[in-house]
Each structure stands twice: as C-alpha cells, then as structure tokens.
Amino acid sequence: MMPEQKTGNKIFVNKEKIMSEKVLLVDDEKDFLDIMSERMEARGMTVKTADSADQALKILEKESFDAIVMDFKMPGMDGIQALKNIKTQKPELQIILLTGYATVEKTVEAMKIGATDLLEKPADLEALAAKIKQAKAEKMLVVEKKTEDKIKDILKRFSG
Amino acid sequence: MTHDMKNCLAIINENAGLLADLAVKAQDKAIPFDPLKAASISEKIGKLVSRADDMMKRFNRFAHSMDHDKETVDLEEAVNLIARLAERILLQGRIRLTVIPASAPCRIHASRFAVLHLIFRAVDSLCRNQTDGTLDSEKPVTVQFSSDPELPEICFIQDFRPEIKLESLFASPEDQALLARVNMNIRTMDSGAGFCLNTLPPARE
C-alpha cells in the first residue's frame, strides 16, 4: 500500500468525524477557492469562500468563523489592510495568511497586527488543517477569557 | 509575477492532492473513481500549466532584455510586455490599461532593459500616484504611440479624475538617470490628462 493512502486513510476515517472547524477562505483565484474548499470539506471542515477582502468583511458582519485563511496579496484591499480591518471588527478572530513569497519584514508586520500564522503557497493541506485546528483552540481560549471577564465584572457590580 | 506563479503552483498542487484524495476514497470506501471528475482535473492542470508557461515566456523575454547594450526596441511590443508582467500591480491599482496599436512602427535604438524599466516606472506611477486614493472603481488609461517615426513617443492618457500628481512623476535622481539612459524626457499634458515619454532629438554636432 502506498504511504499517501495510509495518510489519506486517517483523514477520511478519523478527522471527518472529529473536525468541525468553520473556516472562511479568502483568495482572488476562483479555482483555488473551489478546490481548496472541496478538499477542506472532505476533511470535515465547514468552508465559506470570498474572492476579495471586501467581500470577506461583509460576510464577517453576519457570520462568525473559527479561522480565516486569507491570501496576502489580492487586488483592492491588500492583506495587511484587510488584517487590520478584520482585527478591528472582530479581535478574537484567528487569521492565517497565505502568501506567494513571505519576506521577513512582511511576516513580522503581519504578526504584529495580529495574524495567527503565515504559510507559503503552495501550502501543505495537512499543515494548514493543523494550523486551523490550533487557531480554533486559541479562539476558544480568547472567547472563554472574554466570558470570564464579563462574569467577573457582573459579580463585582452585584457584590459591590 | 512571482505571486501569480505561486498561485498557479498552489492550484496545481491542490489538484494533485484532490486526485490523491479520490484515489484513497476509491480504495478505502469502494467509491468508484469518476472518470469525468478525473478528466476535469486533468483539463484544469493542463490550463494551469499553459498559464504558467505563458508567464515563464514573459519572464524569459524580460531576462533576455539585458543581452545587448543597445538594440532596436519596438515601443509597442515593450509596452505590451510590461502590461502583461505588471498585470497584478495594475489590478491592485484598479488601472485598466488599453494599448492602442501604433499606426506605424514606433522604435528606438536603446537598451531594451532600460526601456522596459522606464515603462514599468510609468505604469507603477499610474498605480501609486492617485490623489483620490479610492480603489473602488476601475480607472481606464489609454496608451498611444506617436505617428512621427523620427521622434517616437509613448503617451499614457487617463480617462478619469482627479488627476495623478504629475509633478512627482520621474522626479527622483534614479528616474532622471533612466530617462537620460534611453534619451527620453517626460512631457505632461494639460489639466493632468496624462503624460508622454518622448524621444529627444539627436544632438546636433
């Protein structure tokens, strides 16, 4: 049996049942969106797509996601600006950037603004899936912390 | 360009991955391998290879622009090459470039690399020097060539307002050196409608 088949076997038997990450995939290449979403959905993820940062921002006004996987360089609003806007709108969101060429300067800039991770294209889907899973866990921690702070605040007000 | 090339490779990579996924499904879940799906993937890969090949050809033409110190350069051909090489930059700047074919050959004797560099600087300036800063609508720019074979000229005419900051065009010492290298200068049009790169008449002895 081929090694790829063993890896594939694990994906379809195990991950299909346990993974349910909700992902927003943003890229201006329609073919990339189609095929990536098909492969990610085959791994149990729920995927929504946007072909521009503007469209992604509109979707984010109505829906929440565990992670956003976004191309760094798109026509119109670029990755850095989109990242800033998304983080302003929803700071708890985890954003994984995909880039054609990751310069150290741009990577540092993206991380400073709040990108969760950065992957170079062509990316390995298994590596991306692992990062999405990690992003979901981090988002849950942020949301839990937020809820905890809210509860503490309410208790403080009532006890005072 | 490299980003587009990476995009092509990324989609080819995902198509290969999809084929592997389907093979695993066929073997492990006894789901028959759909020949139509396989044909569709194969067709997509073929198109992507052709797209990447076109890019490589353009890269190659650009790389060979450094082969000769000076040669006869067709300005229309040079503009078309840069328009294709800078496709993503133009798309990001929301500039739609329309190249009007020259009525007569528009050629100069110069360094092909320097000419391509100069045209790229013109395109880049169009994308960067927008005073309104809006990226909402597409901005049409027409490229025309002079009909005077003695004084070849490339004109970039913008069909939108407000005008770009023409005073800052080719103002840097690097741009000035580039203009001097190809024996051209810049002429701005009235009311900020655009600019032309025109050849200087040969110096009289």
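What you are looking at is a predicted structure, and each value in this text was computed from that prediction instead of being measured. (Residues numbered from 1 in each chain as written. Chains lettered and ligands numbered in written order. Predicted model: local features only at pLDDT ≥ 70, side-chain atom pairs only at ≥ 80, totals over all residues.)

What to know about the interface of chain B and chain A
Stage number 1. The partner chain A presents 21 residues to the 22 residues of chain B that form the contact.
Stage number 2. Looking at the side of chain B that touches chain A element by element, the count peaks at 18 residues for helix 1 (residues 2-28) of chain B.
Stage number 3. Of the residues in the side of chain B that touches chain A, the class split is 8 nonpolar, 8 polar and 6 charged. (Contact = placed C-beta atoms within 7 Å. Helix = DSSP H or I, 4+ residues; strand = E, 2+ residues; numbered from the N terminus. Nonpolar A, V, L, I, M, F, W, Y, C, P; charged D, E, K, R; others polar.)

Quick word on the nonpolar core
Stage number 1. Grouped together as the largest cluster of nonpolar side chains are 38 residues, with contacts concentrated most on A:Val23, A:Ile68, A:Val69, A:Met70 and A:Ile95.
Stage number 2. Elements with a contribution of two residues or more to this core: strand 1 (22-26), helix 2 (30-42), helix 3 (53-62), strand 3 (67-71), helix 4 (79-89), strand 4 (95-99) and helix 6 (125-159) of chain A together with helix 1 of chain B.
Stage number 3. Among the elements that line this core, the one with the most residues is helix 2 of chain A, at 5 residues.
Stage number 4. A:Val23 has contacts with A:Met40, A:Met45, A:Thr46, A:Val47, A:Phe65, A:Asp66, A:Ala67, A:Val69 and A:Ile132, leaving out every residue within four places of it along the chain.
Stage number 5. With 30 residues, the next largest nonpolar core counts B:Val73, B:Val79, B:Ile108 and B:Phe195 among its residues. (Core = buried A, V, L, I, M, F, W, Y, C linked by C-beta atoms within 7 Å. Buried ≥ 20, exposed ≤ 12 C-beta atoms within 10 Å, placed from the backbone.)

What to know about the domain arrangement of chain B
Residues and elements named next belong to chain B.
Stage number 1. Domain parsing of chain B yields domain 1 (2-65) and domain 2 (69-199).
Stage number 2. For domain 1 and domain 2, the distance between their C-alpha centres works out to 35 Å.
Stage number 3. Of the residues lining the interface, 6 residues belong to domain 1; the matching set on domain 2 comes to 7 residues.
Stage number 4. Those elements that provide at least two residues to the side of domain 1 that touches domain 2 are helix 1 and helix 2 (35-63).
Stage number 5. Of all the elements, helix 2 adds the most residues to the side of domain 1 that touches domain 2, at 3 residues.
Stage number 6. For the side of domain 1 that touches domain 2, the residue count by class is 1 nonpolar, 2 polar and 3 charged. (Domains from an automatic or database assignment.)

Looking at the confidence of the model for chain A
Residue and element names in this part refer to chain A.
Stage number 1. Residue-level pLDDT values for chain A average 82, and 87% of them are 70 or greater.
Stage number 2. Of all helices and strands in chain A, the one with the weakest mean pLDDT is helix 1 (residues 3-18) (44), whereas strand 2 (residues 46-50) scores best (96).
Stage number 3. Counted against residues more than four places away or in other chains, residues 1-17, with its pLDDT under 50, gives 18 contacts. (pLDDT = per-residue confidence, 0-100.)

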